[in-house]
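Each chain, letter by letter, is given below.
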Amino acid sequence: MPCYAIDGLVPVVDPSAFVHPSAVLIGDVIVGPGVYVGPCASLRGDFGRIVLERGSNVQDNCTMHGFPGSDTVVEENGHIGHGAVLHGCVVRRDALVGMNAVVMDEAEVGEASFVAASAFVRAGLKIPPRSLAAGVPAKVVRELTEQEMQWKLAGTRTYQRLTERCLATLEEVEPLHEMEADRRRFSDADLKPLVATKASGSS
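A. Highlighting the environment of Ser187. With respect to the helices and strands, the residue Ser187 is situated in the loop between helix H1 (146-169) and helix H2 (194-202). For Ser187 and Arg49, which are 138 residues apart along the polypeptide, the C-alpha to C-alpha distance reads 38 Å.

B. Focus on the sheet that holds strand S13 (residues 96-97). Across the sheet, which stays open at both edges, the 8 strands sit in the order S3-S5-S7-S10-S13-S16-S19-S20 with mixed pairing between neighbours. Looking at strand neighbours, the two that pair on one side only are strand S3 (18-19) and strand S20 (139-143), the edges of this open sheet. When strand S5 (residues 36-37) meets strand S7 (residues 57-58), the two strands line up parallel, connected through 2 bridges. Among the inter-strand pairings, Tyr36 is bridged to a residue of S7, identified as Asn57.

C. Summary view of the nonpolar core. Residues Val31, Leu43, Leu52, Ile80, Leu86 and Val97 are the most contacted members of the largest nonpolar core, which totals 34 residues. Counting residues per element, the ones that place at least two in this core are strand S4 (24-31) and strand S6 (42-52). Those residues in contact with Leu86 that sit more than four places away from it in its chain are Thr63, Met64, His65, Thr72, Val74, Ile80, Val91, Val97 and Val103. In terms of nonpolar packing, the next biggest core, distinct from the first, is built from 6 residues, Leu96, Ala112, Phe114 and Met149 among them.

D. Highlighting the layout of surface pockets. Within this model, the second largest pocket holds a volume of roughly 390 Å³. Lining of the second largest pocket is provided by Leu162, Arg165, Cys166, Thr169, Leu170, Leu176, Glu180, Arg183, Arg184, Arg185 and Phe186. In the lining of the second largest pocket, the residues fall into 5 nonpolar, 1 polar and 5 charged.

E. The arrangement of the packing of aromatic side chains in detail. Taken as a whole and assessed by the stated rule, the structure comprises 3 aromatic pairs. An aromatic cluster is present here, built from Phe18, Tyr36 and Tyr159 joined pairwise through their rings. The ring of Phe186 carries the charged tip of Arg165 above its face, separated from the ring centre by 5.0 Å.

F. Molecular detail of H1. In this model, H1 (24 residues) spans 34 Å end to end at C-alpha, consistent with the 34 Å of a helix rising 1.5 Å per residue. Residues of H1 that are buried include every one of Glu148, Met149, Lys152, Gly155, Thr156, Thr158, Tyr159, Leu162, Thr163 and Cys166, and no others.

G. Spatial organisation of the pattern of salt bridges. This model, assessed by the stated rule, comprises 9 salt bridges. Of the charged contacts in the structure, one is a salt bridge between Asp28 and Arg49, with a shortest N-O distance of 2.9 Å. Pair noted here: Asp28 is in strand S4 and Arg49 is in strand S6, with a separation of 21 residues, a long-range link. A salt bridge links Glu180 to Arg183; its shortest N-O distance comes to 2.8 Å. Look at Glu180 and you get partly exposed, because its relative accessible area is 33%. Through salt bridges that share partners, Glu75, Arg92 and Glu108 make up one connected network.

Calculation criteria
Residues numbered from 1 in each chain as written. Predicted model: local features only at pLDDT ≥ 70, side-chain atom pairs only at ≥ 80, totals over all residues. Heavy atoms only, no water. Helix = DSSP H or I, 4+ residues; strand = E, 2+ residues; numbered from the N terminus. Pairing = 2+ DSSP bridges. Core = buried A, V, L, I, M, F, W, Y, C linked by side-chain atoms within 4.5 Å. Buried < 20%, exposed > 50% of the residue type's maximum accessible area, 1.4 Å probe, protein only. Contact = heavy atoms within 4.5 Å. 1 Å grid on protein atoms, 1.4 Å probe; cavity = no way out; pocket = protein on both sides within 12 Å on 5 of 7 lines; lining within 4 Å. Points joined across faces, edges and corners; volume = space filled by probe spheres on them. Nonpolar A, V, L, I, M, F, W, Y, C, P; charged D, E, K, R; others polar. Phe/Tyr/Trp six-rings, centres within 6.5 Å; stacked < 30°, edge-to-face > 60°. Lys NZ or Arg CZ within 6 Å of the ring centre and 35° of its normal. Expected span 1.5 Å × (residues − 1). Salt bridge = Lys/Arg side-chain N within 4 Å of Asp/Glu carboxyl O.

Here it is in structure tokens:
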């Protein structure tokens, strides 16, 4: 992975974490046990500290950064969707930030809360635990259901398994020229989109 020291501060990556080779880590970055960092993520600890706690995931094309003296933190089992931007904020334990959402300085995403895809969480906003925040700017819409929180937990566990799979089997290869006749599919079919999970639960 591209990993850079700056002013003598070297990123720290736990051996049980997986950081994709195309992700970039700079300076004061702490990646904890069982963490997944996806392709093309940028974790810039050149001003403030970046912390990913145990079992969290930061997916493809995410950006984490902060002002000098700030900590940008994803707590244990935090789940950061594709393309999200976190700047000088805290994402509490078991919380989810949806795809392409932006969470600004000194904001806090409460424990087990969701920030909807493409939402903009303004600086300083405190989202209560177990809440759904959505919109531009983001506002708290309602409390989450138990089904929604269980769905999120299942998704995070899937990424924790992905961490293990990547450490064990991911390798750079040359592509095949055509598809094999008996090409298999991945077998982890338990996790479904939330809309499908809700539909099956109501039938």
